[in-house]
Amino acid sequence: MATGTGTYHQQLAERKRAAIINAATGLFLDNGYAGTSLARVAEVAEVSKATLFKQFPTKANLFEAMVKEHWNPADDAPPEPAPGDLATGLAEYGRRYAALMSRPEMVGLYRIVIAEMPRFPALAETHFDVGKMPFFDAVRRYLTAEHDAGSARIDDPVAATSQFMGMISNFAFWPRLTVVGWNPTAAETRRVVDDAVATMVARYGAR
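Residues numbered from 1 in each chain as written. Predicted model: local features only at pLDDT ≥ 70, side-chain atom pairs only at ≥ 80, totals over all residues. Heavy atoms only, no water.

Turning next to the side chain of E116. Summarising the element assignment, E116 is placed in helix α6 (residues 104-116). For E116, a relative accessible area of 3% translates into the label buried. (Helix = DSSP H or I, 4+ residues; strand = E, 2+ residues; numbered from the N terminus. Buried < 20%, exposed > 50% of the residue type's maximum accessible area, 1.4 Å probe, protein only.)

Now for helix α8 (residues 157-172). With 16 residues, α8 extends 22 Å from end C-alpha to end C-alpha; this agrees with the ideal 22 Å at 1.5 Å per step. Within α8, the axis deviates most sharply at G166, by approximately 25 degrees. Against the buried residues of α8 lie α5 (86-101), α7 (121-149), α9 (174-178) and α10 (186-204). (Expected span 1.5 Å × (residues − 1). Bend = angle between axes of the 7 residues up to and from the residue. Contact = heavy atoms within 4.5 Å.)

A word on α7. The first and last C-alpha atoms of α7 sit 40 Å apart over 29 residues, in line with the 42 Å expected at 1.5 Å per residue. The largest bend in α7 comes to about 45 degrees, at M133, with the proline P134 one to four residues further on. Those residues of α7 lying buried are L123, A124, H127, G131, F135, F136, A138, V139, Y142, L143 and E146. Those residues of α7 hidden inside the fold are in contact with α4 (59-71), α5, α6, α8 and α10. In the stretch just after α7, G150 is the one whose phi turns positive, near 85 degrees.

Now the structure itself:
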């Protein structure tokens, strides 16, 4: 059982970690990955260099933590929906994905990766492996489970997952990178998710 002191120190450590990741995101975006030093991150985050190096010994460690934070901000992903109702399960994943891709921090993360990929391809690999891929795999596993349960007919769950996520991100995310002022309302985003779910059910739902 945590003591009051233990809880306080844990909360303090979490606040410092969040400050470090926020500072790193801004600095990487403004100055590039190569142009940002860990010392500068510590300065902007208002933590000591010792505190930063204790949590993130290298800049690569910090970038990986930043990716994980942006893809799973609460660090407590809800359980995967049980198979049996394709529309309900996909709606749950669609809402989660739309919410993730609508966050300003996600736009910043993608801009960092795109800008730095020619010089630092490992950043793109980290973003794909520890960021997008775990979410993609969760949807793929769910669709596979629906197929195995007989509530859907999905011979290629990887392709089906790409189709589903693409329908949502093509509206909720990608225009944010290139269209000034693109900021769909919550109702517009819900409608896109609902349409994506309806399309998937029409294509893959068992009859």
